[in-house]
Amino acid sequence: MLRGKSPARAASRWLVLGALPLLFLTACGGSVEPPPMMEARGDQCVEPLDVIRKDHGKLLMHERDDAVIRAARNPDHSFVGCIDCHVATEARHTEPETHFCASCHTFNAVRVDCFQCHRDRPSESEYLHTLNPHAPGVDFAWDTDHRGVAANLAEVDLLPPPEAPKP
Amino acid sequence: MSQKTSAPLSRRQFITGAAAAVASVTVAPGVFLMRPAEAGTAEGVRWGLLIDSNRCGDCNACVTACHEENGVRGMDRPRTDAQWIRKVELRDPETGYSHSLPVMCQHCEHPPCEDVCPTGASFRRADGIVLVNKHTCIGCRYCMMACPYKARSFIHETLTDQAAHAPRGKGTVESCTLCVHRIDRGERTTACVEACHEQGNGAMIFGDLNDPDSAISRELAEHGGTAIRADLGLNPGVRYQGI
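Across seven bridges, the pairing between strand S4 (residues 85-91) of chain B and strand S5 (residues 98-104) of chain B is antiparallel. Paired with B:Ile85 across the bridge in S5(B) is B:Met104.

Okay, structure coming up:
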């Protein structure tokens with residue numbers, strides 16, 4: 001004889017089952033540690049921190065064709081320059097915990113294939129960017145107090161200044 | 001304090017100092033002001049090599065230097081190992097006279113590799129250097145079939161420890177770059193030519209074929225030179241004497 005299910009019992013079971021993942025998620029919430037930002041040589045990045053963090057991929061992607069095809073190499077956005085400053089000499093991209101790029105890419109589940117061809121370690125390269133003379137920064141600190149990029153561009157006449165009110 | 005004052009200065013340094021080659025300027029996060037980058041290739045130049053096979057002995061200095069410079073290492077598998085430059089032995093069966101000469105990418109004016117490339121990865125730079133853009137190379141190897149000089153190699157295996165200036169990776173085709181990294185930083189010689197003068201017999205000259213006053217042009221005007229398979233009409237940038 002089939003045993004009838006009591007509706008109350010079924011409901012409580014579903015409640016418990018539903019609450020379990022919620023409890024699990026709540027327990028995990030906010031506890032994911034981002035990978036530690038590895039220290040770079042030099043005292044300043046080539047772009048403000050928020051720009052370079054968000055758009056380094058775009059910069060490298062846009063300018064690589066100019067560099068390869070038209071030989072218009074921008075030492076400040078050079079791939080080799082990034083590696084020279086940021087990656088430790090003994091780092092390997094196959095061991096993400098040692099490698100500046102790979103640690104963050106792994107954390108963010110980004111898979112780029114730069115290092116299938118490009119050297120993943122610094123080299124004695126001549127393509128140094130103009131801001132950092134590649135001495136190890138004595139009191140290294142990221143400059144987070146940067147000014148607006150547009151303001152800087154206007155300052156050096158790369159962007160038109162705000163229009164003066166017409167008489 | 002010092003950081004606050006130095007940051008705008010450095011920004012200006014960055015923008016003015018490196019602006020010559022800047023392709024894009026970040027206006028705001030995610031917004032780029034794209035400007036056509038000024039080409040870094042020298043105007044009206046065509047780089048080339050002149051190789052005197054009468055002087056070229058049986059040394060291997062150019063091959064060693066090239067592969068050392070560009071991080072090309074063999075895997076003891078001669079059939080598939082990459083080869084950017086190789087020594088070719090010529091022997092006249094009638095007289096028995098034999099001599100050897102280095103053969104590398106001939107940097108044609110009308111490169112067949114460029115013609116057949118389905119992705120445009122094989123291309124000729126404005127200064128005459130024929131290169132593979134490995135960002136777009138799909139490894140189909142049509143160019144290897146098309147090249148009459150057998151100058152290109154395919155990378156069959158995963159590589160590590162590449163030279164920083166010569167990215168190389170599995171699944172792409174590669175060949176002599178005429179030491180493009182040296183040319184782009186203003187040097188006017190290649191690894192093979194340098195080695196030939198230092199350790200070899202001084203059989204190679206690098207220079208601008210379009211400049212009538214360059215050493216290579218003067219030598220060509222005085223003693224002439226031929227291209228390998230000149231009948232193909234590819235007008236290679238690498239010329240030979242004594243073949």
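Moving on, we get to the pattern of salt bridges. Residue and element names in this part refer to chain B. Counted under the stated rule, the structure contains 18 salt bridges over all chains. The salt bridge partner of Arg-168 is Glu-174, with a shortest N-O separation of 2.7 Å. Overall, the relative accessible area of 4% leaves Arg-168 in the buried class. Residues participating in the shared-partner salt-bridge network are Glu-69, Arg-182, Arg-185, Glu-187 and Glu-194.

So, about the packing of aromatic side chains. As enumerated under the stated definition, the model contains two aromatic pairs over all chains in all. Ring centres 5.8 Å apart and planes at 55 degrees place the aromatic pair A:Phe79 and A:Phe115 in the tilted group. Taken together, the positions of A:Phe79 in helix H3 (residues 79-86) and A:Phe115 in helix H5 (residues 114-117) put the pair 36 residues apart, joining distant regions of the chain. Note on accessibility: A:Phe79 and A:Phe115 belong to one class, buried. Arranged with centres 5.2 Å apart and planes meeting at 15 degrees, the rings of B:Trp47 and B:Phe206 form a pair that is stacked. Placement of the pair is B:Trp47 in strand S3 (residues 47-52) and B:Phe206 in strand S10 (residues 204-208), with a sequence separation of 159 residues. Here the guanidinium or amino end of B:Arg141 rests over the ring plane of B:Phe154, the centre of that ring lying 3.8 Å away.

Definitions and cut-offs
Residues numbered from 1 in each chain as written. Chains lettered and ligands numbered in written order. Predicted model: local features only at pLDDT ≥ 70, side-chain atom pairs only at ≥ 80, totals over all residues. Heavy atoms only, no water. Pairing = 2+ DSSP bridges. Helix = DSSP H or I, 4+ residues; strand = E, 2+ residues; numbered from the N terminus. Salt bridge = Lys/Arg side-chain N within 4 Å of Asp/Glu carboxyl O. Buried < 20%, exposed > 50% of the residue type's maximum accessible area, 1.4 Å probe, protein only. Phe/Tyr/Trp six-rings, centres within 6.5 Å; stacked < 30°, edge-to-face > 60°. Lys NZ or Arg CZ within 6 Å of the ring centre and 35° of its normal.

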